[in-house]
Amino acid sequence: MVAKIYFKGMLMHGERFSKVGFVLAAAGSAVGLGNIWKFPYMTGENGGGAFVFIYLLTIVFIGLSVFLAESVMGRLSRGDAVSAFETLPQKNGQYWKYGGFMVFTGVIILSFYTIVIGWIFKYIYVAATTLPSSVEEAGAAFGGMITTDTVGQMLFFTLAFVITFYIVSQGIKRGIERINLVLMPLLVGILVLLLFYAMTLDGFGDSLRFLFIPDFSKVTSTSILSAVGHAFFTLSLGMGTIMTYSASLPKDSNLVTSSLSVAALDTIIALIAGMVIFTLIFSFGAEPAQGAGLVFISLPPLFHDLGVLGNIIGFAFFVALAFAGITSAVSIVEPTAMYMINRFKISRVQALSILGVTTYVLGTLALISNVETLKGYATIFGKGVFDILDFSSSSILLPLGGLLVALFVGYALQKDRLVALLGDHMPKAAFDVWYFSIRYVAPLGIAAVMINQLFF
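Cut-off values and rules
Residues numbered from 1 in each chain as written. Predicted model: local features only at pLDDT ≥ 70, side-chain atom pairs only at ≥ 80, totals over all residues. Heavy atoms only, no water. Helix = DSSP H or I, 4+ residues; strand = E, 2+ residues; numbered from the N terminus. Rg over C-alpha atoms; globule rule 2.2 N^0.38 Å. Contact = heavy atoms within 4.5 Å. Areas by Shrake-Rupley, 256 points an atom, 1.4 Å probe, with all protein chains shown as cover. Lys, Arg positive; Asp, Glu negative; His and termini not counted. Charge placed at Lys NZ, Arg CZ, Asp CG, Glu CD. pLDDT = per-residue confidence, 0-100. Patch = residues over 30% accessible without salt bridge, like charges linked within 9 Å, V, L, I, M, F, W, Y side chains within 5 Å. Salt bridge = Lys/Arg side-chain N within 4 Å of Asp/Glu carboxyl O. Core = buried A, V, L, I, M, F, W, Y, C linked by side-chain atoms within 4.5 Å. Buried < 20%, exposed > 50% of the residue type's maximum accessible area, 1.4 Å probe, protein only. Phe/Tyr/Trp six-rings, centres within 6.5 Å; stacked < 30°, edge-to-face > 60°.

When you go through the chain residue by residue, the secondary structure sums to 19 helices and four strands. In terms of overall size, the chain behaves like a compact globule, its C-alpha atoms giving a radius of gyration of 21 Å where 456 residues would be expected to give roughly 23 Å. The dimensions of the chain, computed from C-alpha atoms along their principal axes, are 60 × 45 × 45 Å. For the chain, the share of sequence-separated contacts (at least 6 apart) that also reach a separation of at least 24 residues comes to 81%. A total accessible area of about 17700 Å² is found for the chain, and carbon and sulfur atoms account for 68% of it. Across the chain, the 25 positively charged side chains and the 23 negatively charged ones have centroids separated by 16 Å.

Below is the structure:
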């Protein structure tokens, strides 16, 4: 039976993660397309090792700091993200409460994220059947899918949508935790097997040198800000997911070790994906700086050149990518669903029905905004809905949410409450470093990323 917890008049359904379930669910949220798709191509575009070094540094001082801050808010509030901003501050709560509406960023993200997962589903089929034999053929196939194949895209988008909402409809334990207990180990297992295969190829040494030997002559202000931004976004911050998950942790959980575990797993998976992808790139003489098309355009011809083995490796790779996408998509829905369940006293099915209709309509508009014959119906001020949703979430809403969390924990929460919660789980020196980071380093870093993305 589901327990009920009352907190300052807010009702929260008390389903609880297990400790392992929380780590895997939070890691599943963090480990998404950003790790296996975006991290490698950003590394390729920004010179390799120097970008990775800055990325790892900012994971510690920005990403991990904000992750722990969100975890603290969830633990203290034991409610959804909106109620956390409303009830936790000692003063000015009437202003802070608006910060909780970061949860609606998830609806915007999910509407186009499920489209990309649909593309991955399509490429699982492509890898298992007929892979393109050249980069030109792969580029034409990918471009044709996005701009002309409306029916195929809708089918795969709908499949991704149905899978995501079905999992969330099963709740914290039977849905979110269970799927992560299965998919996260499978994801890691597939990537490790691919890594073992990569170690047998000639390009593995070149891949390691490219990723881990920094050439700081290639560092620019843009690459620094890109690394900071990706370190922040890859941990699934700024939309209330970690806050909502942390509210469902057992009382005796150690937030510090849980946060470190998630950040470490997230980073390791990104690095493994980078080693696999760049080994293939260097082994077959391809160019690492190929942008967002690295996975969908550059890799399929390389898999083709391996014959039947390439079909197997390509299939495994895109299945891993699909697992990463699904676990992240599930986490994107939960904060808004939890808010609606608590605030409006409606069932999970009712909340997900409202969110599902909204997401599906936005997703359909985003999808047709890329289709040549239909994009006129989904273009606003010369911009397609897909691009508008992508830009508004990544450049404005997510960093704004993260900035609000950092400022809230750094200035609106009493320091003695943070010491009481975290003091037994980390040395005083470590706490002081984290507290300084959440008050100064993280806000300045996030603000710099926002300014760069909006104005440069």
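Text resumes after the structure shown.
Mean pLDDT over the chain: 87, with 94% of residues reaching 70 or higher. Here strand β1 (residues 4-7) stands out as the least confident element of the chain, with mean pLDDT 32; helix α16 (residues 348-368) is the most confident, with 96.

Another aspect to go through is a nonpolar patch on the surface. Among the surface-exposed residues, F53, L57, V60, F61, F216 and V433 lie close enough to one another that they form a single nonpolar patch of about 550 Å² accessible area. Tallying contributions element by element places helix α3 (residues 49-77) first for the nonpolar patch, with four residues. For V433, the position within the fold is in helix α19 (residues 428-455).

In this section: the nonpolar core. Core analysis: the biggest nonpolar cluster contains 155 residues, and L187, F317, F318, L422 and W434 have the highest contact counts within it. The biggest single contributor to this core is helix α15 (residues 308-344), with 18 residues. Look past the residues within four positions of F317 in its chain and what remains in contact with it is I36, L194, I277, V295, L299 and F303.

The next thing to look at is the packing of aromatic side chains. Across all of its chains, the model carries 31 aromatic pairs by this definition. Each ring, one from F39 and one from F51, has its centre 6.5 Å from the other, and the planes form 40°; the classification is tilted. Residue F39 is found in helix α2 (residues 33-45), and its partner F51 is found in helix α3; the two are separated by 12 residues along the sequence. For the pair F39 and F51, one class covers both residues: buried. Here Y123 and F296 contribute two aromatic rings whose centre-to-centre distance is 5.3 Å and whose plane-to-plane angle is 65°, an arrangement assigned as edge-to-face.

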